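# Structural overview
Spelled out from the first residue to the last, the chains are:
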Amino acid sequence: MTKPPQILQPLLNDVTGVILAGGRSSRMGRDKATLEIGGTSLFENIAGVFSELFASSLIAGDRPDLSRPDLPAFADEFPGSALGGLYTGLKHADTPYIFVSACDMPFVDATLIRSLAEQRHRYDVVLPQTPAGLEPLFACYSKNCMEIMRRQLEDGNFRILDIYPQLRVRIVTEDELPENWQKALTNINTPQDYSKAAERKAMTVPVVSFVAKSGTGKTTLVEKLIREMKSRGYKIGALKHDAHRFEIDHEGKDSWRFTQAGADTTVVSSPEKMAMVKRYQVEPPIEDTLAACFADVDIVLTEGFKRSSLPKIEIHRQECRRELLCRGEFHDPSLIAVASDEPLELDVPLLDLDDIAALADFIEARFLR
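First, a word on scope: everything that follows refers to the structure included in this document.

How each quantity is defined
- Residues numbered from 1 in each chain as written.
- Predicted model: local features only at pLDDT ≥ 70, side-chain atom pairs only at ≥ 80, totals over all residues.
- Heavy atoms only, no water.
- Axes fitted to C-alpha atoms, helices over the stretch in contact; angles between N-to-C directions.
- Helix = DSSP H or I, 4+ residues; strand = E, 2+ residues; numbered from the N terminus.
- Parallel < 35°, antiparallel > 145°, perpendicular 65-115°, else oblique.
- Left-handed = near helix turned anticlockwise from the far one by under 90°.
- Contact = heavy atoms within 4.5 Å.
- Expected span 1.5 Å × (residues − 1).
- Buried < 20%, exposed > 50% of the residue type's maximum accessible area, 1.4 Å probe, protein only.
- Arc of directions from axis to C-beta.
- Pairing = 2+ DSSP bridges.
- Phe/Tyr/Trp six-rings, centres within 6.5 Å; stacked < 30°, edge-to-face > 60°.
- Lys NZ or Arg CZ within 6 Å of the ring centre and 35° of its normal.
- Salt bridge = Lys/Arg side-chain N within 4 Å of Asp/Glu carboxyl O.

## Concerning the packing of helix α7 (residues 218-231) against helix α10 (residues 356-368)
Two numbers describe how α7 lies on α10: the axes approach to 10 Å, and their chain directions differ by 65°. Relative to α10, the element α7 is oriented roughly perpendicular. In this structure, the crossing between α7 and α10 has a hand that is right-handed. When α7 is examined against α10, the residues L221, K224, L225, E228 and M229 are found in contact with a partner set consisting of I356, A357, L359, A360, I363 and L368.

Structure representation (structure tokens):
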């Protein structure tokens, strides 16, 4: 499926992108800015995203190895702290605002940056807050912060949070952040973090398939799980398998008429969503459907596909009194867990069918961290 064309948005001309690259990377043991994920360094990835958003960008830190004519580097007047880097960025920016990113963030997201920066005009600082705390190194700052920063640095206080009580600060909470914030705010501090991020970048979108015999409540469980995963900031894909013929279009509608006339692919598009009806003689492999339709999500939850090799969670209810699909006569090696409302002796984790948060924790730990 061809992706729809991206709508180009105007540059934020009164904001300078600032990449903090003056840290020592002590826990990492090597320069984080030059670490590569997917063949691109963390620094170059951030610089590329910034070029889509800001008319100008700069590097805060003495990094002639990273600088170039369109991306100059400036040594810190107050070296050795992130607050000193923020001050450097504000001092050398030609705009009233800067948006700053630490150089150890592998999945910076233009939508998240724009959503924060668009709130700048009434505040001196705009920054996100997640369950892990405030994110002062992925935030928007105004020139009004400079004098307060300078005084604090001269006093030997390098704690960024201590400047906030003296400024107009807009804290954007997790429920206000756009989708995908969790991935976008990932940072790398240790070799283990780097390894996980590299694996995440390399792998295709993870998929979990929920299987069960009829009447067990697959749809209700997946519906609840989608809501829980969305509340945690993830972009979710959902795929339902139907072993029979189905119709989602309405007879007499224009799109229905196109399909009935013989169109092999019919798409209905609006400002809010898009739907596609595609004809084929043989159902394509599940891998082809996933690759064509779900490249922009964090995880896909499917219902059905019990004969596939996808990782599966089987749903079991005591009242059904039925043998498991994936254990018993047939032993499915792709079964990763069972969600049940009664104790079972199993060789895979047993999850509480009624504890959706615990089920989401299991999926998150296995596929998204």
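Picking up after the structure, the text goes on.
## Thoughts on α7
Given a rise of 1.5 Å per residue, 14 residues ought to cover 20 Å, and the 20 Å separating the end C-alpha atoms of α7 matches this to within 8%. Of all the positions in α7, only K218, L221, V222, L225 and M229 are classed as buried. Along the axis of α7, the buried positions cluster into a sector of 95°, meaning they face one direction only. Those residues of α7 that are buried lie in contact with β11 (207-211), β12 (236-240), β15 (299-303), β16 (312-316) and α10. The positive-phi residue at the C-terminal boundary of α7 is G233, with phi of around 95°.

## Here we look at the environment of A339
Note on placement: A339 falls in strand β17 (residues 335-340). With 272 residues separating them along the chain, A339 and S67 place their C-alpha atoms 53 Å apart. Residues within four places of A339 in sequence aside, it is in contact with I313, E314, I315, H316, L351 and L353.

## Focus: the pairing of strand β14 (residues 274-278)
Both strand β13 (residues 265-269) and β14 contribute to a ladder of five bridges, which runs antiparallel. In the strand pairing of β14, T265 is matched with K278. The loop that links β13 with its antiparallel partner β14 comprises four residues.

## So, the packing of aromatic side chains
One pass over the structure, following the stated rule, counts five aromatic pairs. Considering the side-chain rings of F50 and F99, the 6.4 Å spacing of their centres and the 90° angle between planes classify their relative orientation as edge-to-face. In this pair, F50 sits in helix α1 (residues 42-53) while F99 sits in strand β6 (residues 97-102), placing the two residues 49 residues apart along the sequence. Accessibility classification places F50 together with F99 in one group, the buried group. Between F99 and F138, the aromatic rings sit 5.1 Å apart at their centres with planes inclined by 90°, giving edge-to-face as the arrangement. Taken as a pair, F99 in strand β6 and F138 in strand β9 (residues 138-142) lie far apart in primary sequence, 39 residues in all. Since its relative accessible area comes to 0%, F99 is described here as buried. Through successive ring pairs, a cluster of aromatic residues spans F50, F54, F99 and F138. Taking NZ or CZ as reference, R120 lies 5.9 Å from the ring centre of Y97, over its face.

## Quick word on the pattern of salt bridges
Within the structure shown, the criterion is met by 21 salt bridges. The salt bridge partner of R63 is D31, with a shortest N-O separation of 2.5 Å. Here R63 is found in the loop between β4 (56-60) and β5 (73-74), whereas its partner D31 is found in the loop between β1 (15-20) and β2 (36-37), with 32 residues between them in sequence. Residue R63 is classed as buried on the basis of its relative accessible area of 11%. By relative accessible area, D31 is classed as partly exposed at 26%. Between E44 and R68 there is a salt bridge, with its nearest N and O atoms 3.1 Å apart. Remark: R68 occurs in the loop between β4 and β5 and E44 occurs in helix α1; sequence separation between them is 24 residues.

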